[in-house]
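Here are the chains, one letter per residue:
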Amino acid sequence: MILVGAVSDIPVGESVRVQGSVPIAVFNADGVFYAIDDTCTHQDASLSDGWLEGCAVECPLHAACFDLRTGRPSGPPARTPVRTHEVVISDGMVYVLESAETGADVAEALAEEVR
Ligand code: FES
């Protein structure tokens, strides 16, 4: 479990980046916390530097939007989902449980779904 910080240190509309096996972005979307892989699946951009809009974040480089609940991009140029991670709030602190899935697992599951 990765300690992110105190709930009070991450205001609504803000994000922080923490280090798991890869960088992970944690967002406070209207009081609900979400965690996804920080690196855009299109190119090397940090999604924690993107713009948060509801339950989606817009990549700062080419504006692909990722749904924070599913990790799926809404459209090009990104085609591959980012991994999502479980967020745990305990005693006023925010933690992330990093998913054991790989990016390839996520893409494969998505491909299965559309078959
Ligand atoms: S790097 Fe994110 S959309 Fe291109």
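These lines cover the structure that appears in this document, whether it is placed above or below. Quick caveat: nothing in here was measured; it's all calculated off a predicted structure.

## Section: the overall build of the protein
At step 1: Regarding its fold elements, the protein presents one helix and nine strands.
At step 2: Mapped from its N terminus to its C terminus, the protein presents α and β elements in the order β-β-β-β-β-β-β-β-β-α.
At step 3: Computed over its C-alpha atoms, the radius of gyration of the protein comes to 13 Å, within 12% of the 13 Å expected for a compact globule of 115 residues.
At step 4: Judged by the C-alpha coordinates and their principal axes, the protein covers about 45 × 25 × 20 Å.
At step 5: Looking at the protein as a whole, 37% of its 115 residues qualify as buried.

## Description of the environment of Val57
At step 1: Along the chain, Val57 turns up in strand S6 (residues 56–58).
At step 2: Overall, Val57 belongs to the buried group, its relative accessible area being 0%.
At step 3: It is 9.7 Å that separates the C-alpha atoms of Val57 and Gly71, two residues lying 14 residues apart in sequence.
At step 4: Discounting residues that sit within four places of it in the chain, Val57 has contacts with Phe27, Ile36, Leu47, Gly50, Trp51, Leu52, Ala64, Cys65, Phe66 and Leu68.

## What to know about the sheet that holds strand S5 (residues 51–53)
Hydrogen bonds along the backbone pair up the strands of a sheet, which may run parallel or antiparallel.
At step 1: Taken in spatial order, the three strands line up as S5-S6-S7 in an open sheet, and their pairing is antiparallel. With partners counted over all chains shown, the strands left at the sheet margins are S5 and strand S7 (65–67), one partner each. Each strand of the sheet is rotated relative to its neighbour by a mean of 25 degrees, with strand direction disregarded.
At step 2: In terms of strand pairing, S6 meets S7 through three bridges, oriented antiparallel. Within the sheet, the bridge partner assigned to Val57 lies in S7 and is Phe66.

## A word on unusual backbone geometry
At step 1: Of note, the phi angle at Ala63 is positive, near 70 degrees, even though the residue is not glycine.
At step 2: By the secondary structure assignment, Ala63 is in the loop between S6 and S7.
At step 3: Unusually for a residue other than glycine, Asp91 sits at a positive phi of about 50 degrees.
At step 4: Inspection of the secondary structure assignment puts Asp91 in the loop between strand S8 (84–90) and strand S9 (93–97).
At step 5: Using a relative accessible area of 79% as the deciding quantity, one classes Asp91 as exposed.

## Structural notes on the nonpolar core
At step 1: In this structure, Phe27, Ile36, Cys40, Leu47, Val57, Phe66 and Leu68 are the most contacted members of the largest nonpolar core, which totals 15 residues.
At step 2: For this core, the secondary-structure elements that each account for two or more residues are strand S3 (23–29) and strand S4 (32–37).
At step 3: Per-element tally for this core: the top contributor is S3, with three residues.
At step 4: With residues up to four places along the chain from it excluded, the contact list for Phe66 reads Cys40, Thr41, Leu47, Cys55, Ala56, Val57, Gly71, Arg72, Pro73, Ala78, Thr80 and Val82.
At step 5: In this structure, Ile10, Val26, Ala35 and Val87 belong to the second largest nonpolar core, which totals 11 residues.

## A word on the sheet that holds strand S1 (residues 2–6)
At step 1: Spatial ordering of the open sheet is given by S1-S9-S8-S4-S3-S2, a layout of six strands whose pairing is antiparallel. Since the sheet does not close on itself, it has two edges, and those belong to S1 and strand S2 (15–19), each with one partner. Taking the axes of each pair of neighbouring strands and ignoring which way they run, one obtains an average angle of 30 degrees across the sheet.
At step 2: With six bridges connecting them, S3 and S4 associate as antiparallel partners. In the strand pairing of S4, Ala25 is matched with Ile36.

Conventions and cut-offs
Residues numbered from 1 in each chain as written. Predicted model: local features only at pLDDT ≥ 70, side-chain atom pairs only at ≥ 80, totals over all residues. Heavy atoms only, no water. Helix = DSSP H or I, 4+ residues; strand = E, 2+ residues; numbered from the N terminus. Rg over C-alpha atoms; globule rule 2.2 N^0.38 Å. Buried < 20%, exposed > 50% of the residue type's maximum accessible area, 1.4 Å probe, protein only. Contact = heavy atoms within 4.5 Å. Pairing = 2+ DSSP bridges. Axes fitted to C-alpha atoms, helices over the stretch in contact; angles between N-to-C directions. Core = buried A, V, L, I, M, F, W, Y, C linked by side-chain atoms within 4.5 Å.

No statement about biological role is implied by the geometric values presented.
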